[in-house]
Amino acid sequence: MSNPVPAPRLLYFTAAFGAGSLLSLMVLFNGTLAANGSLLFASWVPHLTGTVLAIVILLTLRPRRVGGISRPPVWAYLGGVVGGVTVMLTSATMNTALALSGTIALGLAGQMLFSLFADIRGLFGLPQRMPKARDYLALALIIAGSLVLIFLGGAA
């Protein structure tokens, strides 16, 4: 018998909501940087500040290395490249007719679509999982909401 999936806790919902809020703020800040500079500048500023903050945290906390940790797979290092491209694309689209809400909504739809694909294929060493009807319904609702935001949002 397999282990049942634990029930989500309020902390998880709060953390996910907070991460989404921070993502919206990041897109707003980066879009403002891109409007007053360039897309490359808007991508370098958050990456540079994140690097400096990470170094400060590492120097402050001084975490100990645990023995027996293997090296991560090569594809894990692509996160920085994907992050840089994401910052540049969201900075560019935020300053168009999509605005902040359309950019975030379509980004969420893209994340969910890729996540379903990754679940089906078992990408990145994750177990294969076939999506349920509720997963497809959630994707359809997110896409519908994105279209409402984009095409009807300015009419209000």
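Here we summarise the structure given alongside this text. What you see as residue numbers is a count from 1 along each chain, following the sequence as written. Local features in a predicted model are, by the rule used here, given only for residues with pLDDT of at least 70; side-chain atom pairs are given and counted only at 80 or more, and totals for whole chains, interfaces and linings are based on all residues. Computation of side-chain values: all heavy atoms of the structure, hydrogens and water removed.

### Here's the deal with the overall build of the protein chain
Then comes step 1: Secondary structure elements follow DSSP: runs of H or I of four or more residues count as helices, runs of E of two or more count as strands, with numbering from the N terminus. Of the regular secondary structure elements, the protein chain holds five helices and zero strands.
Then comes step 2: In the protein chain, the succession of helices and strands from N to C terminus is α-α-α-α-α.
Then comes step 3: Using C-alpha atoms as the atom set, the radius of gyration is obtained and then compared with a globule rule of 2.2 Å times the number of residues to the power 0.38. Its C-alpha atoms give the protein chain a radius of gyration of 19 Å, clearly above 15 Å, the size a compact globule of 156 residues would have.
Then comes step 4: Taken over the C-alpha atoms alone, the protein chain extends approximately 55 × 45 × 30 Å along its principal axes.
Then comes step 5: Relative accessibility thresholds used throughout: buried, under 20% of the residue-type maximum; exposed, over 50%; partly exposed, between the two (1.4 Å probe, protein chains only). In the protein chain, buried positions account for 15% of the 156 residues.
Then comes step 6: We call two residues contacting when some pair of their heavy atoms lies within 4.5 Å. Put simply, of all contacts in the protein chain between residues at least 6 apart along the chain, 62% involve residues at least 24 apart.

### Concerning a nonpolar patch on the surface
Then comes step 1: Surface patches are drawn from residues lacking salt bridges whose relative accessible area is over 30%; two like charges belong together within 9 Å, two nonpolar side chains (Val, Leu, Ile, Met, Phe, Trp, Tyr) within 5 Å. Each accessible area is a Shrake-Rupley estimate made with a 1.4 Å probe; only the visible protein chains count as cover when residues are assessed. Any Lys or Arg side-chain nitrogen located within 4 Å of an Asp or Glu carboxyl oxygen qualifies as a salt bridge. Where nonpolar side chains cluster on the molecular surface, the patch consists of Trp75, Leu78, Val81, Val82, Val85, Leu89, Phe114, Phe117, Phe124 and Leu126 and spans about 980 Å² of accessible area.
Then comes step 2: For the nonpolar patch, the secondary structure elements donating two or more residues are helix 3 (79–94) and helix 4 (99–121).
Then comes step 3: Counting residues per element, the nonpolar patch draws most heavily on helix 3, which supplies four residues.

### Details of the packing of aromatic side chains
Then comes step 1: Stacked, edge-to-face and tilted are the three classes for Phe, Tyr and Trp ring pairs, Trp counted by its six-membered ring, which pair at centre distances within 6.5 Å; planes under 30 degrees apart are stacked, over 60 edge-to-face, the rest tilted. Under the defined criterion, the tally for this structure stands at three aromatic pairs.
Then comes step 2: Between tryptophan 75 and phenylalanine 124, the aromatic rings sit 4.8 Å apart at their centres with planes inclined by 50°, giving tilted as the arrangement. Of this pair, tryptophan 75 sits in the loop between helix 2 (39–61) and helix 3 while phenylalanine 124 sits in the loop between helix 4 and helix 5 (133–152); the two residues are 49 residues apart in sequence, bridging distant segments of the chain.
Then comes step 3: Here tryptophan 75 falls in the partly exposed class, since its relative accessible area comes to 44%.
Then comes step 4: With 6.3 Å between their ring centres and 50° between their planes, phenylalanine 114 and phenylalanine 124 make a pair best called tilted. Pair noted here: phenylalanine 114 is in helix 4 and phenylalanine 124 is in the loop between helix 4 and helix 5, with a separation of 10 residues, a long-range link.
Then comes step 5: Look at phenylalanine 114 and you get partly exposed, because its relative accessible area is 44%.
Then comes step 6: On the accessibility criterion, phenylalanine 124 (43% relative accessible area) is partly exposed.
Then comes step 7: Through pairs of rings, three or more aromatic residues link up here, namely Trp75, Phe114, Phe117 and Phe124.

### What to know about unusual backbone geometry
Note on backbone geometry: most residues besides glycine have negative phi, and most peptide bonds are trans.
Then comes step 1: One non-glycine residue, alanine 99, adopts positive backbone phi at about 60°.
Then comes step 2: A relative accessible area of 31% places alanine 99 in the partly exposed class.
Then comes step 3: Not every positive phi belongs to a glycine, and phenylalanine 124 is a case in point at roughly 60°.

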